[in-house]
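Topology and contacts: notes
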Amino acid sequence: MTEKDVLVIASLLVTPSISSSLAKIDLSGNISIGSIGVIALAHALRNNSTVTELDLSDNNLDDASGVAIAECLSSSSAQCGLQSLYLKGNHFGPEVGQAFANSLQVNTSLTTLFLGSNELGDSGVSAIINVLASHHSNLHTLDVGDNQITPTASASEGGAIRVIAEALRNNS
């Protein structure tokens, strides 16, 4: 699959007769789909309430793609119906972690988020965990494993493991 193919899929998502019956999109393992295609797909999903599951795992995606996906979840005019989002094995850095943290502050539909095997680092993972610890969220499943987390960094240094432990300690 190429970037051009993803652009076609994105254009179909805004076609009511097609988009109203499509619930799941799996584009995992297609390393040629490209940033432009994924950004177009994210924009199309902003106003699509029927697609509930999207898998873009193992696609070698960059931060621009990850930020666009995160932003489609938080747009104030959005009707994005995504409930499950699988993004493992890309090249998302801390900026994407922060973008998802911002989205999780306002999004109420997402219940499953897989961001494992990326490059979020302590700051990206900590941003997400801090939001989950301080805001109501419908997120039930979060995978942030294998994200270059430093096990010895303190929470004040952005150490994700310490932030996770503190959030769990305060979880009621």
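To be clear, the structure that these remarks concern was listed above.
The present account deals with the structure reproduced in this document.

The rules behind the values
Residues numbered from 1 in each chain as written. Predicted model: local features only at pLDDT ≥ 70, side-chain atom pairs only at ≥ 80, totals over all residues. Heavy atoms only, no water. Salt bridge = Lys/Arg side-chain N within 4 Å of Asp/Glu carboxyl O. Helix = DSSP H or I, 4+ residues; strand = E, 2+ residues; numbered from the N terminus. Buried < 20%, exposed > 50% of the residue type's maximum accessible area, 1.4 Å probe, protein only. Pairing = 2+ DSSP bridges. Axes fitted to C-alpha atoms, helices over the stretch in contact; angles between N-to-C directions. Disulfide = S-S within 2.5 Å.

Under the criterion given, the structure shown has 1 salt bridge. The partner of K88 in a salt bridge is D58, with the nearest N and O atoms 2.9 Å apart. Within this pair, whereas K88 is found in the loop between β3 (84–86) and α5 (94–104), its partner D58 is found in the loop between β2 (53–55) and α4 (63–74), the two being separated by 30 residues in sequence. K88 gets classed as partly exposed once you look at its relative accessible area, which sits at 34%.

A separate point is the sheet that holds β2. Read from one edge to the other, the open sheet built from 5 strands follows the order β1-β2-β3-β4-β5, with strand pairing classed as parallel. The sheet terminates laterally at β1 (24–26) and β5 (141–143), the two strands that pair on one side only. Pairwise comparison of adjacent strand axes, ignoring direction, gives a mean angle of 5° for this sheet.

Below, the discussion takes up the state of the cysteines. Scanning all chains against the criterion turns up 0 disulfides. Between C72, a free cysteine, and C80, which holds the nearest cysteine sulfur, the sulfur-to-sulfur gap is 3.9 Å. Among the residues examined, C72 registers a relative accessible area of 0% and is labelled buried.

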